[in-house]
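Residues per chain, in single letters:
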Amino acid sequence: MKYTGYDKTADQRMKGTERFVELCGRRWGMKNLGTLVVRQMRNGQGMSVHATGRAADIGFKDTPEGHADAVEAMLWFVKYYKELGIEEVHDYGGLINGTWQGWRCSRNGKPGWKKWTDTDNGGSKNGRWIHVELAPQSNGGHAEDDVALEAAWRALPKPAK
């Protein structure tokens, strides 16, 4: 899977993206903070993936339990990125190992995390939400298909507590 990024502006919400957020709410009690929003990236260098309908900002409780749920979710997303069709995950709060970072499905040809700096980052340092970008069907993802997304989700083992 290669990183798609912004490819085109959507004219409606993507069913798979919306289902993904709903499933995060059911499993971890997370809240939808926004999916389809036609806007520029925070750094002003092009359109946000939110404009495609394939990105979601998912809020978690700002408590020790909420932080633990967020870490569990991000690590599960990354572990099963191929099955779920996830291209990118942002740890704005630096909850995983205290490091402000972003994960991408293809970073220099392989999946991996990138530590961010004040000038090279995802634009929302210390945010209390997770940003996730789903792949389009043309790149092996489920952003457009809620049924396929939920089937992939349910076929995976639940995170170990």
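Preceding block: the structure.
Notes on the structure in this doc start here.

All right, on to the sheet that holds strand 2 (residues 55–59) then. Within the open sheet, the 6 strands sit side by side as 1-2-6-3-4-5. Their pairing is antiparallel. Each edge of the open sheet is held by one strand with a lone partner, namely strand 1 (31–34) and strand 5 (110–115). Recorded for the sheet is a direction-independent mean angle of 25° between the axes of neighbouring strands. Here strand 2 runs beside strand 6 (residues 129–134); their pairing, made up of 5 bridges, is antiparallel. Bridged to Asp57 within strand 6 is His131. Most of the contacts of helix 1 (residues 15–28) go to strand 2, to which it runs at about 15°, and overall it touches strand 1, strand 2, strand 3 (86–91) and strand 6. Its contacts with the sheet place helix 2 (residues 64–79) against strand 3, strand 4 (101–107), strand 5 and strand 6, and it is angled at close to 155° to strand 3.

Rules of the game
Residues numbered from 1 in each chain as written. Predicted model: local features only at pLDDT ≥ 70, side-chain atom pairs only at ≥ 80, totals over all residues. Heavy atoms only, no water. Pairing = 2+ DSSP bridges. Helix = DSSP H or I, 4+ residues; strand = E, 2+ residues; numbered from the N terminus. Axes fitted to C-alpha atoms, helices over the stretch in contact; angles between N-to-C directions. Contact = heavy atoms within 4.5 Å.

All we've got here are geometric facts, nothing functional implied.
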